[in-house]
Amino acid sequence: MFSGKTDELLRQLRILKHSGKKVALFKPIIDTRYSAGEVVTHDGVKEQAIPVELNENGVKQIVEKTLNEKYEAIGIDEIQFFPEKLKNAVLFLLDNGVEIYASGLNLNFRGEPWQIIQELMPYATKTISTKAVCSVCKQYEATRTQRIGSNGKPAHYSEPEIIVGGKDRYEARCVKHHEVPGKPKTEFKV
Ligand code: TMP
Ligand code: MG
């Protein structure tokens, strides 16, 4: 988090709009951090967005709206939150000539991949990996997200995967300073 993913998404969509394409932006309805009907970056850059539910209805809405309103390109923010069903929708839209731009986290607070990211990433024609400044060592090497509990301590591995939040709940950390109490150690098996 705090690495400019959404900034980059909005930048790409602006370029598409300048080139004359009809563009729509979708976001998960649960992400009301800054605004319900807009995607807003941590620096306050805003763009109107269509909030959709994180279920079959939301996925259907993305497909139907895109095709019915003849959008040539779409953006999806916080794509990590979407269910596995989004994969088929994305592949279907690509087959129908729609360009798709998405922004999301590779890893959850446990340091493990989000399912939909693993499913869709191999299909990407281009991926941009961003990083942030580690809140502990201040090196520009943060690729992990530290969730902080209400007690100010690192969140336990068993916490739910999705908790919407910002600087109140999360910090950017490098691999060395990312802490997940209760995370099972990787076993080497042959
Ligand atoms: P951001 O990367 O655009 O700042 O937002 C990431 C969102 O994902 C934010 O609402 C917090 C949320 N989140 C989770 O729900 N679970 C997680 O494990 C992590 C790392 C983030
Ligand atoms: Mg974001």
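Above this text sits the structure in question.
In this text, all values refer to a predicted model and were calculated from it rather than measured experimentally.

### Focus: the packing of helix α2 (residues 56-68) against helix α3 (residues 86-95)
In the contact formed by α2 and α3, the axes pass within 9 Å of each other and the chain directions differ by 15 degrees. Taken together, α2 and α3 sit at an angle that is classed as roughly parallel. As α2 packs across α3, the resulting crossing turns out to be right-handed. Of the residues in α3, those in contact with Val59, Ile62, Val63, Thr66 and Leu67 of α2 are Leu86, Ala89, Phe92 and Leu93. Tallied by class, residues from the contact of α2 with α3 come to 8 nonpolar, 1 polar and no charged.

### Topic: the coordination of the magnesium ion (ligand 2)
Surrounding the magnesium ion (ligand 2) are the protein donor atoms Thr6 (OG1) and Glu78 (OE), which sit 2.3 to 2.6 Å from the metal. Here Glu78 lies in the loop between β5 (73-76) and α3 and Thr6 lies in helix α1 (residues 5-18), a separation of 72 residues in the sequence. We note that Thr6, like Glu78, is buried.

### Observations regarding the nonpolar core
Counting 25 residues, the largest nonpolar core has Phe26, Ile62, Ile74, Ile79, Phe82 and Leu86 as the members making the most contacts within it. When residues of this core are traced back to their parent elements, those giving at least two are β1 (23-28), β4 (50-52), α2, β5, α3 and α4 (115-120). Among the elements that take part in this core, α3 stands out by supplying 4 residues, more than any other. Apart from the residues lying within four places of it in its own chain, the contact partners of Ile62 are Phe26, Val52, Ile74, Phe82, Leu86 and Leu93. The next biggest cluster of nonpolar side chains, apart from the first, holds 9 residues, and it includes Leu10, Leu13, Val23 and Val39.

### Focus on unusual backbone geometry
At Lys70, a residue that is not glycine, the phi angle is positive and equals roughly 55 degrees. Summarising the element assignment, Lys70 is placed in the loop between α2 and β5. Under the relative-accessibility criterion, Lys70 is labelled exposed at 63%. Backbone geometry at Glu78 places phi at a positive 55 degrees, although glycine is not the residue there. We classify Glu78 as buried; its relative accessible area is 10%.

### Things to note about the pattern of salt bridges
This structure, assessed with the given rule, holds 12 salt bridges. Where Arg33 meets Glu78, a salt bridge forms, and the shortest distance between an N and an O atom there is 2.9 Å. Taken as a pair, Arg33 in the loop between β1 and β2 (38-40) and Glu78 in the loop between β5 and α3 lie far apart in primary sequence, 45 residues in all. You can call Arg33 partly exposed: its relative accessible area is 28%. Between Arg173 and Glu171 there is a salt bridge whose closest N-O contact spans 2.9 Å. Looking at Arg173, the relative accessible area reads 7%, which means it is buried. The class for Glu171 is partly exposed, based on a relative accessible area of 26%. What emerges from the salt-bridge pattern is a single network uniting Asp31, Arg33 and Glu78.

### As for the site of ligand 1
Surveying the vicinity of ligand 1 reveals 19 residues, the closest of which are Lys5, His42, Glu78, Phe109 and Glu161. His42 is positioned such that a nitrogen or oxygen atom in its side chain is 2.7 Å from an oxygen atom of ligand 1. Glu161 is positioned such that a nitrogen or oxygen atom in its backbone is 2.7 Å from a nitrogen atom of ligand 1. Burial of ligand 1 by the surrounding chains reaches 99%, relative to a free accessible area of 490 Å². A class-by-class count of the residues in the shell around ligand 1 yields 9 nonpolar, 5 polar and 5 charged.

### Some details on the environment of Lys153
Its location among the elements puts Lys153 in the loop between β7 (144-147) and β8 (170-173). Classification of Lys153 by relative accessible area gives exposed; the value is 53%. Distance in space between the C-alpha atoms of Lys153 and Lys126 is 37 Å, their sequence separation being 27 residues. If sequence neighbours within four positions are ignored, Lys153 has contacts with Arg147 and Ile148.

Thresholds, definitions, all that
Residues numbered from 1 in each chain as written. Chains lettered and ligands numbered in written order. Predicted model: local features only at pLDDT ≥ 70, side-chain atom pairs only at ≥ 80, totals over all residues. Heavy atoms only, no water. Axes fitted to C-alpha atoms, helices over the stretch in contact; angles between N-to-C directions. Helix = DSSP H or I, 4+ residues; strand = E, 2+ residues; numbered from the N terminus. Parallel < 35°, antiparallel > 145°, perpendicular 65-115°, else oblique. Left-handed = near helix turned anticlockwise from the far one by under 90°. Contact = heavy atoms within 4.5 Å. Nonpolar A, V, L, I, M, F, W, Y, C, P; charged D, E, K, R; others polar. Donors = N, O, S within 2.8 Å, 3.2 Å for Na, K, Ca; no water. Buried < 20%, exposed > 50% of the residue type's maximum accessible area, 1.4 Å probe, protein only. Core = buried A, V, L, I, M, F, W, Y, C linked by side-chain atoms within 4.5 Å. Salt bridge = Lys/Arg side-chain N within 4 Å of Asp/Glu carboxyl O. Near = heavy atom within 4 Å. Polar contact = N/O pair within 3.5 Å; in protein donor to acceptor, adjacent residues only side chain to side chain. Areas by Shrake-Rupley, 256 points an atom, 1.4 Å probe, with all protein chains shown as cover.

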